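Working through the structure, step by step
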Amino acid sequence: MNGVDIMGSLLRGHAPLTAIVAANSIKAGALPDGVILPAVLVRSVGSADRQMLKRKDFVRVTERVSVAVRAPSYREQVAAIKAIRRSSAGVIGDYPPVMRVSILTAGTGPDMRGPADSFEQTQDFRVSYDEPV
């Protein structure tokens, strides 16, 4: 499990978001050609492992995860970004096999025009967790 998996799980389980974006339109990695909008793409931007010197059973990982919205209208883009922020900002807990997960917002990207005159924006998160070694 990694930050993308954790975020995808939270997003697909958040009813206010899935009322806007179908759960099967929340993808990791890349959106397929011809995807029905609105859609959400979850990607890892980068991660850093902090080695624990006294504990040898886990490693603390901090990962920056970008969640991109592609929507047919600006209104849907804005609504989806709000729902994404509410689904994950400030979340803490365990998501086996990782433990002590904490999620913080890490910035919202600019409004952009996407393929076929779609509307796009990203919301970044800092996802930290303890991963078993």
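In the block above lies the structure referred to throughout.
Residues numbered from 1 in each chain as written. Predicted model: local features only at pLDDT ≥ 70, side-chain atom pairs only at ≥ 80, totals over all residues. Heavy atoms only, no water.

Observations regarding the overall build of the protein
When its secondary structure is counted, the protein shows three helices and seven strands. Going residue by residue from the N terminus, the α and β elements of the protein occur as α-α-β-β-β-α-β-β-β-β. A compact globule built from 133 residues would reach a C-alpha radius of gyration of about 14 Å, and the protein, at 15 Å, matches this within 12%. If one aligns the C-alpha atoms of the protein with their principal axes, the spans along those axes are about 55 × 25 × 25 Å. When each of the 133 residues of the protein is scored for burial, the buried share is 39%. Intrachain contacts of the protein at a sequence separation of at least 6 include 61% that bridge at least 24 residues. Carbon and sulfur atoms make up 54% of the accessible area of the protein, which totals about 7200 Å². Charge separation in the protein, taken as the distance between the mean sites of 17 positive and 13 negative side-chain charges, equals 6 Å. (Helix = DSSP H or I, 4+ residues; strand = E, 2+ residues; numbered from the N terminus. Rg over C-alpha atoms; globule rule 2.2 N^0.38 Å. Buried < 20%, exposed > 50% of the residue type's maximum accessible area, 1.4 Å probe, protein only. Contact = heavy atoms within 4.5 Å. Areas by Shrake-Rupley, 256 points an atom, 1.4 Å probe, with all protein chains shown as cover. Lys, Arg positive; Asp, Glu negative; His and termini not counted. Charge placed at Lys NZ, Arg CZ, Asp CG, Glu CD.)

Considering the pairing of strand 7 (residues 119-132)
Judged from the 14 bridges that link them, strand 3 (residues 58-71) and strand 7 form a sheet pairing that is antiparallel. When the sheet's bridge partners are listed, Ser 66 is paired in strand 7 with Asp 124. Here strand 6 (residues 112-113) pairs with strand 7 via two bridges, running antiparallel. Within strand 7, the residue paired with Arg 113 across the bridge is Phe 119. (Pairing = 2+ DSSP bridges.)

Brief notes about the nonpolar core
Within the largest apolar cluster, 27 residues are counted, with the highest numbers of intra-cluster contacts made by Val 40, Val 42, Val 67, Ile 103 and Val 127. Elements represented by at least two residues in this core include exactly helix 1 (3-12), strand 2 (39-50), strand 3, helix 3 (74-88), strand 5 (98-108) and strand 7. Tallying contributions element by element places strand 3 first for this core, with six residues. In this structure Val 127 touches Gly 3, Ile 6, Met 7, Val 61, Thr 62, Glu 63, Val 65, Val 101, Ser 102 and Ile 103, once residues within four positions along its chain are discounted. Counting residues in hydrophobic clusters, the runner-up holds five residues, among them Leu 31, Val 35, Leu 41 and Ala 68. (Core = buried A, V, L, I, M, F, W, Y, C linked by side-chain atoms within 4.5 Å.)

Some words on the packing of aromatic side chains
Applying the stated rule across the entire model yields one aromatic pair. Taken together, a centroid distance of 6.4 Å and an interplanar angle of 65° make the contact between Tyr 74 and Phe 119 edge-to-face. Highlighted residues: Tyr 74 in helix 3 and Phe 119 in strand 7, separated in sequence by 45 residues. Taking the relative accessible area as the measure of exposure, Tyr 74 reaches 42% and is therefore partly exposed. The ring of Phe 58 carries Arg 100 above its face, with NZ or CZ at 5.1 Å from the centroid. The cationic tip of Arg 113 hangs over the ring face of Phe 119; the distance from NZ or CZ to the ring centre is 4.2 Å. (Phe/Tyr/Trp six-rings, centres within 6.5 Å; stacked < 30°, edge-to-face > 60°. Lys NZ or Arg CZ within 6 Å of the ring centre and 35° of its normal.)

Distances and angles like these do not, on their own, reveal function.
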